[in-house]
Amino acid sequence: MRFMTAEPFRIKVVEPIRKTTKAERTEFLKEAGYNAFRLKANDVYVDCLTDSGTSAMSTHQWSAMMLGDESYAGCNSFYRLEESVKDIFGMPYVQPTHQGRAADYIMARIYAKPGKYAIGNMHFDTFRGNAEVLGALAVDYVIPEGLDTTSSAIPFKGNIDIKKMQKLIDEKGAENISVVIITVTCNNNGGQPVSMQNIREVSQLAKKYNIPVVIDSARLAENAYFIKTREEGYQNKSIKEITREMFSYCETATMSSKKDGLVNIGGLFVTRNEEVFQMANQLAIVHEGFITYGGMSGRDMEALAVGLQEACDENYLKYRIEQVEYLGKKLKEKGIPIIEPTGGHGVYVDGRRFFSQIPQHEFPSQRLVVALYEEAGVRAVELGACAFGSKDPVTKEPIWPALETMRICVSRRVYTNQHLDVIANALGEIYENRKDYKGMKLVYEGPITALRHFTAGFELIK
Ligand code: PLI
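The numbering scheme is per chain: residues are counted from 1 as the chain's sequence reads. For a predicted model such as this one, the threshold for reporting local features is a pLDDT of at least 70, and the threshold for listing and counting side-chain atom pairs is 80 or more; totals across whole chains, interfaces and linings nevertheless cover every residue. Based on all heavy atoms of the structure, the side-chain values leave hydrogens and waters out of the count.

1. Notes on the packing of helix α14 (residues 364-376) against helix α15 (residues 417-432)
Helix axes are fitted only over the stretch in contact, all axes being lines through C-alpha atoms; the angle between N-to-C directions runs from 0 to 180 degrees. Helix and strand definitions follow DSSP, with helices as H or I runs of at least four residues and strands as E runs of at least two, each counted in order from the N terminus. Where α14 meets α15, the axes come as close as 10 Å, and the angle between the chain directions of the two elements is 115°. Crossing of α14 against α15: the hand is right-handed. Contacts from L368, A371, L372, E375 and A376 of α14 reach α15 at I423, A426, L427 and I430. When residues are sorted by character, Ala, Val, Leu, Ile, Met, Phe, Trp, Tyr, Cys and Pro go into the nonpolar class, Asp, Glu, Lys and Arg into the charged class, and all the rest, Gly among them, into the polar class. Here the contact of α14 with α15 is built from residues that sort into eight nonpolar, no polar and one charged. Left-handed describes a crossing whose near helix is turned anticlockwise from the far helix by less than a right angle; the clockwise case is right-handed. The contact definition used throughout considers only heavy atoms, calling two residues in contact when any of these lie within 4.5 Å.

Quick look at the structure:
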């Protein structure tokens, strides 16, 4: 019977969370410029802004932290982390970084070139920000079904469109494509997985033209679980056999350890190319810390070494993926339009279909984020017109994205299904009254468009 699996852990320490009144939340929203990133976590009841750095750590991780030694040359904690990473990635060279975006930065400095294309399924915003600063052309080539929130029967909506990739190579020449980056799972369109077949085919095509492949592996274990449960031929493989095969098709992997590392901080740059590793070492020394800690403390490296292994545990992954599926099912029962099938780390509500009267340039998903917080103290995040909107480089005219969603992230090992029921019930009520809502106006944005959602300010349209 489905949904009968309980959490594969028991709760030993609890963190009290605060309930606020609707009148208080109305004020908090005004003070925050109606931007969820600018709210204080203490004013949030159920926090679904992100799944990054929000995992609960296990007793094994906490006790491993006691082994943490100094963060410097040749520290023991590094070697324990290196062993754990090699076991999962199957690659020889490991450079820790303080978080994922630092690994992104090192990767962008090595692989992104001014005026040259960086193909991705959907690039995460920190790489996109780096590309924008470096003058590289970051293009998203996810399959068309990956941008269609009404198609549900597609198991791997994070796949790269191989034909589109070939077309760009033919039109621009392989020498003008400096890298292909596969993000697993694909964060921007619902935590949708990438199949092993697609990773293999992208890699074969890239190899033919001598284009390096990088895997952004923040959610590597969740992607591996989807391959195991949805792709022919992988049912009897272990999660680690699957991760090792995934990485056998790339030259380099970056990772924000704050997701499937089950820790609060940390990142990784992992490669099989010795020259690339040496360059990464140099960049790490300048920007992060020495080669054997890269901005992480010994204690954090110990927690990560253990967390990576726990994330590859199948019982854990089953519970994890089914919890996200549970929330999706509850929303669907209320008629709420979501991206289906649900992905790895959250449920994505289609803002355009939810508030069909609010045009995209009036930020329907952002309006939904505001409504959800105001009604129930639940914090989600907009991934739509604000986060993914861009501007024509010449005319500066706005370009609106294909996807317009509100992402409800589910933190790992943190909330119970009753917390998720609170979210579903609140959204259900908002959905019933959806016709009463008007849109929003963007009144402040920072200079880097790819990063504007973090600091943007809005007003409600009356
Ligand atoms: O937040 P960082 O710097 O550890 O990681 C940056 C980063 C890189 N790649 C991908 C796919 C991410 O999802 C990512 C960070 N994601 C955040 C913060 C999120 O809320 O999804």
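2. Some details on empty space enclosed by the protein
Buriedness of a pocket was judged along seven lines, with at least five required to meet protein on both sides within 12 Å; pockets are open sets of points on a 1 Å grid over the protein atoms alone, cavities are sets where a 1.4 Å probe fits but cannot get out, and lining residues have an atom within 4 Å of a point. Grid points are joined across faces, edges and corners, and a volume is the space filled by probe spheres set on the points. Evaluated as defined, the whole model comprises two cavities of 30 Å³ or more. In this structure, the largest cavity spans a volume of roughly 70 Å³. Tallied by class, residues from the lining of the largest cavity come to six nonpolar, three polar and one charged. Its boundaries defined by the atoms lining it, the second largest cavity holds a volume of some 30 Å³. Looking at the second largest cavity, the residues that line it are D104, M107, H123, F124, F127, I181, T183 and D216. Contributing elements (two or more residues each) for the lining of the second largest cavity: α4 (100-111) and β5 (177-183). Looking at the lining of the second largest cavity residue by residue, the class counts come to four nonpolar, two polar and two charged.

3. A closer look at the pattern of salt bridges
For salt bridges, the criterion is a side-chain nitrogen of Lys or Arg within 4 Å of an Asp or Glu carboxyl oxygen. Scanning the model with the defined rule gives 24 salt bridges in all. E302 is the partner of R80 in a salt bridge, and the nearest nitrogen-oxygen pair spans 2.7 Å. Here E302 lies in helix α11 (residues 298-311) and R80 lies in helix α3 (residues 76-89), a separation of 222 residues in the sequence. The salt bridge partner of R128 is D140, with a shortest N-O separation of 2.6 Å. Here R128 is found in helix α5 (residues 125-134), whereas its partner D140 is found in strand β4 (residues 137-140), with twelve residues between them in sequence. The exposure class of R128 is partly exposed, given its relative accessible area of 24%. Residue burial is assigned from relative accessible area. The probe radius is 1.4 Å, only protein chains are included, and a residue is buried under 20% of its type maximum, exposed over 50%, and partly exposed in between. With a relative accessible area of 28%, D140 lands in the partly exposed category. A cluster of three or more residues bridged by salt bridges with shared partners is formed by D51, R219, E222, D260, R320 and R412.

4. A word on the nonpolar core
We call a set of buried residues a nonpolar core when its members are Ala, Val, Leu, Ile, Met, Phe, Trp, Tyr or Cys and they connect through side-chain atoms within 4.5 Å of each other. Core analysis: the largest hydrophobic core is formed by 65 residues, its most contacted members being F89, M165, M246, F247 and L268. Sequence-distant contacts of F247, that is, excluding residues within four places in its chain, are made with I88, F89, M91, I215, S217, L220, A253 and R272. Counting residues in hydrophobic clusters, the runner-up holds 41 residues, among them V378, A424, A426 and Y437.

5. Side note on the sheet that holds strand β6 (residues 213-216)
Ordered in space as β2-β8-β7-β6-β5-β3-β4, the seven strands form an open sheet in which the pairing is mixed. Lying at the two open borders of the sheet, with one neighbouring strand each, are β2 (93-97) and β4. Strand-to-strand, the axes of this sheet are offset by a mean angle of 20°, without reference to chain direction. Of the strand pairs in this sheet, β6 and strand β7 (residues 252-256) are connected by three bridges, and their pairing is parallel. Across the sheet, the residue bridging to D216 is T254, located in β7. Strands β2, β7 and β8 (267-271) of the sheet are contacted by helix α10 (residues 274-287), whose axis makes an angle of about 20° with β2. Here the rule is simple: two strands pair whenever DSSP picks up at least two bridges between them.

6. Digging into the environment of A387
By the secondary structure assignment, A387 is in the loop between β11 (381-383) and β12 (390-391). Residues A387 and T405 lie 18 residues apart in sequence; the distance between their C-alpha atoms is 9.9 Å. Not counting the four nearest positions on each side in its chain, A387 is found in contact with E382, A450 and H453.

7. Observations regarding the layout of surface pockets
The computed volume of the largest pocket comes to approximately 1400 Å³. At the level of elements, α2 (59-65) and α12 (314-333) are the ones that each hand at least two residues to the lining of the largest pocket. A per-class count over the lining of the largest pocket returns 18 nonpolar, twelve polar and ten charged. Taken as a whole, the second largest pocket encloses approximately 1000 Å³ of empty space. What lines the second largest pocket is a set of 34 residues, among which R128, A138, F388, S390 and K391 lie closest to the centre. Among the residues making up the lining of the second largest pocket, the classes are represented as 19 nonpolar, six polar and nine charged.

8. Re the site of the ligand
Lining the immediate surroundings of the ligand are 16 residues, of which T50, R101, S256, K259 and R407 lie closest. The term polar contact refers here to a pair of N or O atoms within 3.5 Å; inside protein, the definition further demands a hydrogen-donor-capable atom paired with an acceptor-capable atom, and it admits residues adjacent in sequence only when both atoms are side-chain atoms. One nitrogen or oxygen atom from the side chain of N187 is found 2.9 Å from an oxygen atom belonging to the ligand. Between the ligand and the protein, one listed contact pairs a nitrogen atom with a side-chain N or O atom of K259 at 2.9 Å. The accessible surface values rely on the Shrake-Rupley method and a 1.4 Å probe; as for residues, cover is taken only from the protein chains in view. Burial of the ligand by the surrounding chains reaches 93%, relative to a free accessible area of 480 Å². The biggest single contributor to the shell around the ligand is α4, with three residues. Whether a residue is near a molecule or strand is decided by its heavy atoms; if any one of them lies within 4 Å of it, the residue is near.

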